[in-house]
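Now for the letters of each chain:
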Amino acid sequence: MWDTIIITPFTNVLLFIYTLMGQNFGIAIILFTLLVRLVTHPLMVSQIKGGQAMQELQNHPRYKEIQEKYKNDREKLAQEQAALLKELGINPFGSCLPLLIQFPIIIGLYQSLYKAMPHTPYDMLVLTRHLYPFLDISRILPINNQFLWMDLSQPERLILPFLPFGIPVMAIIVMATTYIQSKLLTPPSTNPKDQTAMMSNMMNLYMPFLMGYMGLTLASGLSLYFIVSNLFSIGQYALLGKANWKNLLPKPKAAVEPEVKKTGKPVRGKK
Amino acid sequence: MHTFSSPKSIWKAIFLLALASLALTACGGVAVNNWPGLSHAGNAVYYAQLQLIKIDATNGTQIWRYPEKPDAKNSFIAAPAVNGQWVIAGNMNNEVIAIDDESGAEVWAFRDEQGKGRFIASPLVVNDTVLIPSTDRYLYSLDAKTGQLLWRFKARDALWAGVASDGKMVYLPGTDHYLYAIDLASGKLAWEMDLGGSMLHAPVLAPDGMLYLSTIVQEMIAVDTAQQKVAWRETIEGKVWNPPLLDDGRLIFGTDKNKVYALDAQSGATLWTVNTNGSIIASPVKLGDGYLFGAENGEVFTLSREGVPGWTRTLKGKIYSSLSLSENLAAVGGMELEHLLVTFDAQGKQDWTYNPPGN
């Protein structure tokens, strides 16, 4: 089912683009990723709008008022918040539903990339069984995995003659773009104790390393996909005016005034 | 406290974590999925799937395995070559290993530091030379005693199929559609020809110099190596994934489109065909007076030399590999099978089976 609806069509479109692009798998991955991300663009816009509405809701005076009023009655608080959402016309799932719809598409995109680069005869057998009849297998195989300095079916290292080791350029770019993307897409938090913001910050740190590790160990074709996908997301947010560029700049540290420390003393309480 | 604190970031976190974990589990980079490679020499069967395992061909007892513990990164999928003294195999991590046949201890290991290949094809040992193609486009020629590189030949694209040799020339089928004829001593290209499709299995070389192989565009081809030209080519229904069996002037093979063919080796004329219930991926093997086939649907069956069906047995799982152990005994292996190896005699009676100790 999953194969028939998602992976097989994706794999065939990817390989169709590959044949159109003069058997350049790198270009095919780039174009295919852009195509899928363009198709899912409306979902992304809907997700951004939903997220923004929820963000604005938290600063709404009535929302704050309800929170204060029913802070000891969670059930009533939930009821009042639901009523307010209804009144303001905000769908609480407006930001996560499009994300959930995109989820299988992105996973499918990723899996189809992997499927299109068979590693063993069994993988090849499976691939040939998933090809639509309009694809000419003699033009597809062998799949030309060379792109720039990379073999897209292998983890990438840039070998320089004066260095005794290879540089994992793609893994570094994957890490950098994932970090930038995470920072740009994180909404500013007014409350430093906000658990959601803390979780986002943790993810912003954790994800680049995880993605970088994947870029380091997995086929570089997948790194190429991660990079294009990250750059597309950054572009999408920038074009929609939702990128928080300030997040990339170091935050000014709160200055401690020594004078206050020296002269300040408790004015109340027991000695 | 936020009852409705922005779910966006939480969803994002869950989404990214799920994506990452799914990605890691989906392709972990090291999980190799393939059917086993099987070899037979003397009284032993050599089984390559993840590890190399030597099994007593008379009773299915394990003799040794290499490495002792499975190592997904360095897994083996291709049948090893056995020269009586050493067992030689390439792994999926760009290494060729020679193992002492008696003890199972490593004798030498070859790794081309420039390469990033995987050894999908089985090696061929000719005299004291190991010939092994790699997906890094090179055919490596190694000294069988030491593992030293003698020469290497670069094809246009990845090499998935094993080679054949008459002791003077090496015949190398490529995924790049080319068949290369290379001088065994020097590694120099003698001639080449474009056969119009990727070749994924080793060719079969007849004593008269005729070379038989198939392409992924569903053709069985005979190449006259003396004349350096195609003797005949026949369109077939389906793809052939393992070498055909050459038996007494007949070329026998099955396809992934549920068909068994017997062609006249000289002319390519079809002698007979049989429709099967499952895809045939494994090479046919001789058993008794006929041939044994293993099918992807788990069926093991025999056909006579004239294509008349004999017995059929059904195993749970998929059969992708087969091996002749004697005139009266053959083994099958595959994926998702209850036993890694199952043997049958010519009458269809199941003989020994093999599973690793402890399973």
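Residues numbered from 1 in each chain as written. Chains lettered and ligands numbered in written order. Predicted model: local features only at pLDDT ≥ 70, side-chain atom pairs only at ≥ 80, totals over all residues. Heavy atoms only, no water.

Chain A is annotated in an unreviewed UniProt entry as Membrane protein insertase YidC of Anaerolinea thermolimosa. Heading Sequence similarities (unreviewed entry) of the UniProt record for chain A holds this comment: "Belongs to the OXA1/ALB3/YidC family." (UniProt positions renumbered as here; feature names shortened; annotations may be inferred.)

Turning our attention to the sheet that holds strand β18 (residues 210–215) of chain B. Residues and elements named next belong to chain B. Spatially, 4 strands are ordered β17-β18-β19-β20 in an open sheet, and the strand pairing comes out antiparallel. Edge positions in the sheet fall to β17 (204–205) and β20 (229–235), since each has one partner strand and no second. Relative to β18, β17 runs antiparallel, the two sharing 2 bridges. Residue pairing across strands places Val 204 opposite Tyr 212, the latter belonging to β18. (Pairing = 2+ DSSP bridges. Helix = DSSP H or I, 4+ residues; strand = E, 2+ residues; numbered from the N terminus.)

Before going further, it helps to spend a moment on the pattern of salt bridges. Charged atoms that come close allow side chains of opposite charge to pair. The tally for this structure, following the rule as stated, stands at 18 salt bridges over all chains. For A:Lys76, the salt bridge is made with A:Glu80, and the minimal N-O distance between the two is 3.4 Å. On the criterion of helical spacing, the pair formed by A:Lys76 and A:Glu80 is a turn pair, its members being 4 residues apart in helix α5 (residues 74–88). Each of the salt bridges in this network shares a partner with another, and the network as a whole consists of B:Asp247, B:Asp248, B:Lys286 and B:Arg305. (Salt bridge = Lys/Arg side-chain N within 4 Å of Asp/Glu carboxyl O.)

Attention shifts here to unusual backbone geometry. Glycine aside, the phi torsion of most residues is negative, and most peptide linkages are trans. The amide bond that connects A:Leu141 to the next residue, A:Pro142, takes the cis arrangement and shows omega of 0°. By the element assignment, A:Pro142 lies in the loop between α8 (137–140) and β1 (146–147). A cis amide bond, omega -15°, links B:Tyr66 with the succeeding residue B:Pro67. With respect to the helices and strands, B:Pro67 occurs in the loop between β4 (62–66) and β5 (81–82). In this model, B:Leu50 sits at a positive phi of 75°, which is unusual for a non-glycine residue. Mapped onto the elements, B:Leu50 comes out in the loop between β2 (44–49) and β3 (51–56).

Successive residues of a regular strand alternate their side chains across the two faces of the sheet. All names here are of chain B. Among the 6 residues that make up β2, 5 are buried, leaving the element largely enclosed by the rest of the structure. As judged from the 6 bridges shared by β2 and β3, these two strands associate in the antiparallel manner. Its bridge partner lying in β3, Gln 49 is registered against Gln 51. Hairpin connection from β2 to β3: 1 residue lie between these consecutive antiparallel strands, with Leu 50 at a positive phi of about 75°. (Buried < 20%, exposed > 50% of the residue type's maximum accessible area, 1.4 Å probe, protein only.)

Take a nonpolar patch on the surface next. Together, A:Phe16, A:Leu20, A:Met21, A:Ile27, A:Leu31, A:Tyr132 and A:Phe134 give the surface a local cluster of nonpolar side chains, amounting to about 620 Å² of exposed area. For A:Tyr132, the position within the fold is in the loop between α7 (121–130) and α8. (Patch = residues over 30% accessible without salt bridge, like charges linked within 9 Å, V, L, I, M, F, W, Y side chains within 5 Å. Areas by Shrake-Rupley, 256 points an atom, 1.4 Å probe, with all protein chains shown as cover.)

Residues and elements named next belong to chain A. Following the UniProt record, the feature "transmembrane region" (unreviewed entry) maps to residues 15–39, 158–180 and 205–228 here. For residues 15–39, helix accounts for 84% and strand for 0%, while the C-alpha atoms at its two ends are 18 Å apart. Helix makes up 92% of residues 205–228 and strand 0%, whereas the separation of the span's terminal C-alpha atoms amounts to 20 Å.

Residues and elements named next belong to chain A. At their nearest, the axes of helix α1 (residues 2–20) and helix α2 (residues 25–39) sit 8 Å apart, and the two run at 130° to each other. It follows from the interaxial angle that α1 and α2 lie oblique. Where α1 crosses over α2, the handedness of that crossing is right-handed. On α2, the residues that touch Phe 10, Val 13, Leu 14, Leu 15, Ile 17 and Tyr 18 of α1 are Phe 25, Ala 28, Ile 29, Leu 31, Phe 32, Leu 35 and Val 36. (Axes fitted to C-alpha atoms, helices over the stretch in contact; angles between N-to-C directions. Parallel < 35°, antiparallel > 145°, perpendicular 65-115°, else oblique. Left-handed = near helix turned anticlockwise from the far one by under 90°. Contact = heavy atoms within 4.5 Å.)

Residues and elements named next belong to chain A. For the pair helix α3 (residues 41–57) and helix α11 (residues 220–239), interaxial distance at closest approach is 11 Å and the crossing angle is 55°. It follows that α3 is oblique to α11 by the angle criterion. Crossing hand, α3 versus α11: right-handed. On α11, the residues touching His 41, Met 44, Gln 47 and Ile 48 of α3 are Ser 233, Gln 236 and Tyr 237. Split by residue class, the contact of α3 with α11 holds 3 nonpolar, 4 polar and no charged. (Nonpolar A, V, L, I, M, F, W, Y, C, P; charged D, E, K, R; others polar.)

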